[in-house]
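The residues making up each chain are set out below.
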Amino acid sequence: MRFSVLASGSTGNAVYVENDEHAFLIDVGLSGKKMEQLFAKIDRDMKKLSGILVTHEHSDHIKGLGVVARKYNVPIYANEKTWLAMEGNIGNIPTDLRFHFEMEAMKSFGSIDIQSFAVSHDAADPMFYVFHEEGRKLAVITDTGYVSDRMKGHIRGADAFVFESNHDIGMLQMGHYPWSTKRRILSDVGHVSNEDAAVAMSEVIFDKPTQIYLSHLSKDNNMKDLARMSVAQTLQSCGIITGEFVHLHDTDAEEPTRLVTV
């Protein structure tokens, strides 16, 4: 199983996951043209996509969804409330491309098992995904105001995480956002901070080589170096030293990560 974080941030989100049989996108938060450019950078063909897994209806996750699905004839998987919430924003989707993937469910595609789980975000019915193949595990979790014990149970022990590290609390509090926006981000249905993300990570990392991709960084309230430093320091305070078994990686709103094997 291999994956690349194609784009991550408030301007657009997409994660690519493949094995030798199937290829999936989690969200299509950028234009169809931009998605084609990102696929070219990882030397992959969108015509070979097996499906698109939608997390929720916010525009930074579905901007190019309809265009990509129609152009490349790719099935879309989302839960019922998300389908209803995004219906007016993705154009007409043919019936043979519309599929339901309900909350807390498991679907199998050949040797890959994909499990959905609920997160806490201000959307209709937001959920993210865990991929399992031959004892290996990839967990993708962003856009959540906190990480509950139930969420931790789903992602615990993954070999690789795409994990939200949205903001530095001090930068957010001192920044230019209106108070209503700050309050939303800091709420239980907003986004997790660097420190809160690291505390949650400390409870789900096993004593084995683990790759962590810090994701959905705010362009106004965070910085890559700051996120890495904050997460590493918090993990260290929890007894986990990065650089030994645990490796932290950046993600970007414009450039995909290299395609790596889980």
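Quick note: structure is the one above.
Residues numbered from 1 in each chain as written. Predicted model: local features only at pLDDT ≥ 70, side-chain atom pairs only at ≥ 80, totals over all residues. Heavy atoms only, no water.

Peer 1: Which residues make up the packing of helix α8 (residues 194-202) against helix α9 (residues 224-237), and what values go with them?
Peer 2: At their nearest, the axes of α8 and α9 sit 8 Å apart, and the two run at 45° to each other. Taken together, the axes of α8 and α9 lie oblique to each other. Between α8 and α9 lies a crossing whose hand is right-handed. Across the interface between the two elements, N194, E195, A198, V199, M201 and S202 from α8 touch L226, A227, S230, V231, T234 and L235 from α9. (Axes fitted to C-alpha atoms, helices over the stretch in contact; angles between N-to-C directions. Helix = DSSP H or I, 4+ residues; strand = E, 2+ residues; numbered from the N terminus. Parallel < 35°, antiparallel > 145°, perpendicular 65-115°, else oblique. Left-handed = near helix turned anticlockwise from the far one by under 90°. Contact = heavy atoms within 4.5 Å.)

Peer 1: Let's hear about the nonpolar core: which residues, and what values?
Peer 2: If you look at the biggest cluster of nonpolar residues, it comprises 52 residues, and the most contacted ones within it are F3, F131, L138 and F163. Among the elements that take part in this core, strand β9 (residues 127-133) stands out by supplying five residues, more than any other. Ignoring sequence-local partners within four residues, the contact set of L138 consists of M1, F3, V17, Y129, V130, F131, A160, V162 and V262. Counting residues in each nonpolar core, the second largest holds 29 residues, with Y16, M35, V74 and A78 among its members. (Core = buried A, V, L, I, M, F, W, Y, C linked by side-chain atoms within 4.5 Å. Buried < 20%, exposed > 50% of the residue type's maximum accessible area, 1.4 Å probe, protein only.)

Peer 1: Could you give an account of empty space enclosed by the protein, naming the residues involved and the relevant values?
Peer 2: Applying the stated criterion across every chain, the model contains one cavity of 30 Å³ or more. In this structure, the largest cavity is lined by 15 residues; those nearest its centre are N13, A14, V15, V140 and T142. Breaking the lining of the largest cavity down by element, the ones donating at least two residues are β1 (2-7) and β2 (14-18). Here the lining of the largest cavity is built from residues that sort into eight nonpolar, six polar and one charged. (1 Å grid on protein atoms, 1.4 Å probe; cavity = no way out; pocket = protein on both sides within 12 Å on 5 of 7 lines; lining within 4 Å. Points joined across faces, edges and corners; volume = space filled by probe spheres on them. Nonpolar A, V, L, I, M, F, W, Y, C, P; charged D, E, K, R; others polar.)

Worth remembering: the numbers are spatial, not functional.
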